[in-house]
Structures are given as C-alpha cells and as structure tokens.
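What the coordinates show
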Amino acid sequence: MVVDMKKKIMACLVAAIVILCSLTHVRSDASNHRYKEGDDVPLYANKVGPFHNPSETYRYFDLPFCSPAHMQEKKEALGEVLNGDRLVVAPYNLEFLKDKESEIVCKKKLKQEEVSQFRAAVSKDYYFQMYYDDLPLWGLLGKFDKEGKDDPKDKEVDVEFTYSVKWKDTEIPFEKRMEKYSQISSLPHHLEIHWFSIINSCVTVLLLTGFLATILMRVLKNDFVKYTHDEEAADDQEETGWKYIHGDVFRYPKYKSLFAAALGSGTQLFTLAIFIFFLALVGVFYPYNRGALFTALVVIYALTSGIAGYTAASFYCQLEGQNWVRNLLLTGSLFCGPLFLTFCFLNTVAIAYSSTAALPFGTIVVIFLIWTLVTSPLLVLGGIAGKNSKAEFQAPCRTAKFPREIPSLPWYRKTLPQMAMAGFLPFSAIYIELYYIFASVWGHRIYTIYSILFIVFIILLVVTAFITVSLTYFQLAAEDHEWWWRSFLCGGSTGLFIYGYCLYYYHARSDIKSLGLLEVQQVKIEAMQRRLVFKYFLSFLQGIDCTVRDPLMW
C-alpha cells in the first residue's frame, strides 16, 4: 500500500525546471515561482476520491497516510472552496534541484480498520491530487495484484512510507508549462468532431432561416400588399387567422408578476453568461486555475442583480402592475430560492459523508454576506430605477375590451407538443458539444476550446429564436392569442432536453453515484433561453401588427 511518489513527481515537475534553474540570483518566493538550489518548493495535498466518480471527493488525510504533526492548511479563495479544494501542506520535503531516493516519510503500524480502508480505496480506483508549485499532479493509490494471492482477511501490518525525487531539465518555457494540460482537447480528432458539430448546427440554422423567410415572404407579404393597395376592399373582407385576433394579441398575460420576474432573472443569467464567455475567451480560465470559474460566477451574479431588478420592475410596471415590491421579492427568490434549497440538501449529504464538497460555515457566511450586502441592495436599486423609468408598453393597436374565444385546437397545437417540437431542434444543434461539456464538468476531461463553445452558444440562441417565432406564428394563425407564456415555455423547452440528456449521461456514460449540479445548470439555461426568445418574438410581433394596421409603413 506504499504510495510510490517517484514517477508522479517526475511526470509533473518537468515544466518548471528550466526557468527556475536560470534564476539563481533572486529571492526564493513561491508567489513568483523563483527558487534557488536547496529551497523548499511547496507541495500541497488536496483530495482523494474514486476515479470514476469525480463528484465524490474526500480530504487527503481522511485515509491513514503519514500526516504531519501540525496540520497546516493553505488559505484558499472563495472559488477554491466552492470547487471542493482543501489544500494542506504535505509531509514531503522536496528541495529544489535535490534528488532523493527512497526517502522515508514515516513508519506506521496500520490497524485492521486502516488496512480495510486502503483496500476499499484501491478496489474503487481511488486517485489522489496534489499541487507542486501550482502544477497539478495525480496518481492512483494502488492496484490489486491479479497474479498474486490476495488475503481476504485484513490484519495489522507495519508499513514504511517512502518517496523519491528526480529532477530533469526541460526546454519548455515557464509561460507554457500549463499547455500540456489543455492539449488533449485540441487534438486533431477532437477538433474534427467539434467542427462537425458546428457544421451540423449551421445547417440547422440555414434550414430554419429559410423556413422562417418563406413564411414572412410568401404568407405575410401577400397580406401587406393587400392592405397597401386595396385598403378599402380589405376593410370589407372578413378577417381570418392571425389578423382576426389583432385586438387580443397584446392583452396582458396571466400571472404577470411571475412573468416579469422570470424575464428579469433570465436577463441576469444571460448577462452572466456573456461575461463568463468574455473572461474565458481572454484566457482567464486556463486549465487548473483553481476556483476562478466559481469565483467569477458568484461575483458577476451578485453585481448583475441590478439588471434583474430593473428589467423585472420596468416590465411589470409596463403591464400596469401595482405591487412592484412583491414583484421584486419574487425576482430575487425565483432563482436563488430553488438554488438555496438544492444547496441545503446537497450540503447536508456532503457533511454526512465528510466530503470536500461540503462548504465550511465560514464560506456559507461569506456567501450570505455577499447576497445580503451586494445582491439584495443592487436588486432593490435596479427595481427602483425600473419603476421610475416611466416606460410604457407601446402596443401598435388597441386591445379589445373583451377577449375572443379561442377555438378548439388539435392535440399537436397544445402547449406540451409545441414545447417538444421547439426544444428538439435547438438540442439537436448542440448535443455533440454537450458531451464534451459534461465530460469536463462531471469527469476528468479538460475543456479549453471556448471559442467553439461560444459559436455553439450563439447558434443555440438563433435556432431557439427562429423555431419559437415560427411556432408562435402558427399559434396566432389558429386564432389562439394566448402566446405570452407559450413563447416563453417553448423558448426554454431546450432546457428540458438538456436535463434529459444529463440523466442519460448519468446512467449510460458515467459511473457517477450522486446527482449534484444537474438541476442548477438546467434551470439557468432554461430561464435564459425563455427570456431571449420572448423578447425576440415581442419585437417581431409588434413590427408585424404595426405594419398591417398602418399601410404607409409598408
């Protein structure tokens, strides 16, 4: 059960040596990665866990390794704690440019329970993770000897823990020492798959664009021409289809407070996604920049809460809502509420199993203070600004006093079938890229091709908008004027397909034994898509109706 550190250290130290060797007249400092011969280079032990279940991780010294007399933990940023990192100083003395052979860490007598603990960890393919001068290194705890005889009965055993160090020169410059961790995702066969996904998505966009253009040019243009050249005859004819319900199209939706709150939350999540993509494209999230993504998510979400408050309150007041304070409270809790309940459940389970995913009390207090002192005040300020914006809902035609009765519709024009059709096409445009994303989020793959991911993100938005506009037009052509919530749900239905693919990936493609962030990711995608599609179609519908009512605009 002795952990052989020699090969692990040799494989992961190479990238840092050349730069360090040439700097012999500078002060030793781990912050600038410059050392002199004989200086101690920090080695931190992070966590252990089953290789096939990356969501299940424990502290390194939860296993009976040689632990230092005084456990010294590394001060970690918020994002590192959220990422489940728990770095402690390892009891290995690794001096710069000093080779060592079979150096003894400690001699320990393992009890029967400790031997059983090691046996269970090896049987589950446990791996360990460490950081040496900020370079990540991994290794399996061990493997069973298939040829040898394995004693099924555990018993006490004397163990000598040793490690070896071998320094070698390298020609890799210090600035490029992280590139080898990201080269896997840039291999030619992986890039071919990514580009195939983009081409497939572009074909879908072109087909939908042609489909939508056909509707606009062939169907609507005839009506425009009729209203323009023969206005009197058009007034005498009985209106049918979407023209028949022009007095009901802009009737305010039911549950307008909830609708405005969802619109505000989606706007905030969309802004959050744009900022995250920007940081990724400029190289902030390089491989194993511990906790950078989680820190950015928390900080940007807190700073963009004013956008949610402004959008929700402004739109709610445009819909002639009165209780804007309640609407603001609903906006603030619409995403944070389910997120908080999910966190409470997952954190309780993590605490019960002593997992590193469990957040310390101090981190929870910090997040609560961020929400109390930053998120909530900005949400209120944004809501006040939205209420005082004096924006009015500019409907291009007068709404009838009494709503028209909606005719009976066939089953395939109901909400659920429409949602299924609206979500399938956008999902088919991104499902190939989803595999790599899931393999990175819930696996050990490294995803660094953020430019391709951004292109797929844009394609997702375009396809979702196009298909929802088309389906909503068909809904109005069937004289069904309750389009507000329908367009919102159809736009976000892709999130349901993504959630279903999460479950498929969980059962068929991975050995994960616990559900974690699946629900949170699906809710964020769905809310953002719904907001975008609704705003897109609202502008589209206002333009069409205004053109039909005013022939001079044509």
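Residues numbered from 1 in each chain as written. Predicted model: local features only at pLDDT ≥ 70, side-chain atom pairs only at ≥ 80, totals over all residues. Heavy atoms only, no water.

Right, let's talk about the overall build of the chain for a bit. Broken down by element type, the chain carries 16 helices and seven strands. Counting contacts in the chain only where the partners sit at least 6 residues apart, residues at least 24 apart contribute 81% of the total. Split by element, the accessible area of the chain, about 28700 Å² in all, is 61% carbon and sulfur. (Helix = DSSP H or I, 4+ residues; strand = E, 2+ residues; numbered from the N terminus. Contact = heavy atoms within 4.5 Å. Areas by Shrake-Rupley, 256 points an atom, 1.4 Å probe, with all protein chains shown as cover.)

With that settled, the discussion passes to the layout of surface pockets. Quantified by volume, the second largest pocket comes out at close to 320 Å³. Lining of the second largest pocket is provided by 13 residues; of these, Pro 253, Lys 254, His 481, Glu 482 and Trp 485 occupy positions nearest its centre. Examining the composition of the lining of the second largest pocket, we find that three residues originate from one element, helix H14 (residues 484–492), more than from any other. Taken together, the residues that form the lining of the second largest pocket break down as five nonpolar, three polar and five charged. (1 Å grid on protein atoms, 1.4 Å probe; cavity = no way out; pocket = protein on both sides within 12 Å on 5 of 7 lines; lining within 4 Å. Points joined across faces, edges and corners; volume = space filled by probe spheres on them. Nonpolar A, V, L, I, M, F, W, Y, C, P; charged D, E, K, R; others polar.)

Overall, the coordinates contain one disulfide when judged by the stated rule. Shown here is the disulfide that connects Cys 66 with Cys 106, its sulfur atoms set 1.6 Å apart. Disulfide Cys 66-Cys 106: the torsion about the S-S bond is -65°, which places it as left-handed. Remark: Cys 106 occurs in strand S4 (residues 100–110) and Cys 66 occurs in the loop between strand S2 (58–59) and helix H2 (78–82); sequence separation between them is 40 residues. (Disulfide = S-S within 2.5 Å.)

With that settled, the discussion passes to the packing of helix H9 (residues 305–318) against helix H10 (residues 324–352). At a minimum axis distance of 10 Å, the contact between H9 and H10 shows a crossing angle of 140°. With respect to their mutual orientation, H9 and H10 come out oblique. Both H9 and H10 take part in a crossing whose hand is right-handed. Counting all contacts with H9, which are made through Ala 308, Gly 309, Ala 312, Ala 313 and Tyr 316, the residues of H10 involved are Trp 324, Asn 327, Leu 328 and Thr 331. In terms of residue class, the contact of H9 with H10 is made up of six nonpolar, three polar and no charged. (Axes fitted to C-alpha atoms, helices over the stretch in contact; angles between N-to-C directions. Parallel < 35°, antiparallel > 145°, perpendicular 65-115°, else oblique. Left-handed = near helix turned anticlockwise from the far one by under 90°.)

Tallied over the entire structure, the rule returns seven cavities of 30 Å³ or more. When its volume is computed, the second largest cavity comes out at roughly 60 Å³. Every residue along the wall of the second largest cavity is listed here: Ser 265, Gln 268, Tyr 301, Ser 305, Ala 308, Thr 331, Gly 332, Cys 336, Trp 371, Thr 375 and Leu 379. Within the residue set of the lining of the second largest cavity, elements represented by two or more residues are helix H7 (256–281), H9, H10 and helix H11 (361–387). For the lining of the second largest cavity, the per-class residue count stands at five nonpolar, six polar and no charged.

General note: in soluble globular proteins, nonpolar side chains tend to be found buried as a group. Counting 33 residues, the largest nonpolar core has Tyr 60, Leu 63, Phe 65, Tyr 92, Met 130 and Leu 141 as its most contacted members. When residues of this core are traced back to their parent elements, those giving at least two are strand S1 (43–50), S4, helix H3 (112–123), strand S5 (126–132) and strand S7 (157–165). (Core = buried A, V, L, I, M, F, W, Y, C linked by side-chain atoms within 4.5 Å. Buried < 20%, exposed > 50% of the residue type's maximum accessible area, 1.4 Å probe, protein only.)

As recorded in UniProt, the sites labelled "transmembrane region" (unreviewed entry) are residues 193–216, 258–286, 292–316, 328–353, 359–381, 419–438, 450–471 and 483–506. Secondary structure across residues 292–316 divides into 96% helix and 0% strand, with the first and last C-alpha atoms of the span separated by 36 Å. The span residues 359–381 shows a helical share of 91% and a strand share of 0%, and its end C-alpha atoms are spaced 30 Å apart. (UniProt positions renumbered as here; feature names shortened; annotations may be inferred.)

The N-to-C vectors of H7 and H9 enclose an angle of 150°; their axes lie 8 Å apart at closest approach. It follows that H7 is roughly antiparallel to H9 by the angle criterion. You can see that H7 and H9 cross each other, and the crossing is right-handed. Here Lys 256, Ser 257, Phe 259, Ala 260, Ala 261, Leu 263, Gly 264, Ser 265, Thr 267, Gln 268 and Thr 271 of H7 come into contact with H9, specifically with Ser 305, Ile 307, Ala 308, Thr 311, Ala 312, Phe 315 and Tyr 316. Residue composition of the contact of H7 with H9, grouped by class: nine nonpolar, eight polar and one charged.

In this section: the confidence of the model for the chain. Segments scoring low in pLDDT should not have their predicted coordinates read at a detailed level. Mean pLDDT over the chain stands at 77; residues scoring 70 or higher make up 78%. Segment residues 1–28: pLDDT under 50, and 69 contacts once partners within four positions in sequence are set aside and those in other chains are kept. Below a pLDDT of 50 lies the segment residues 532–554, which in the model reaches 62 contacts outside its immediate sequence neighbourhood of four places, other chains included. (pLDDT = per-residue confidence, 0-100.)

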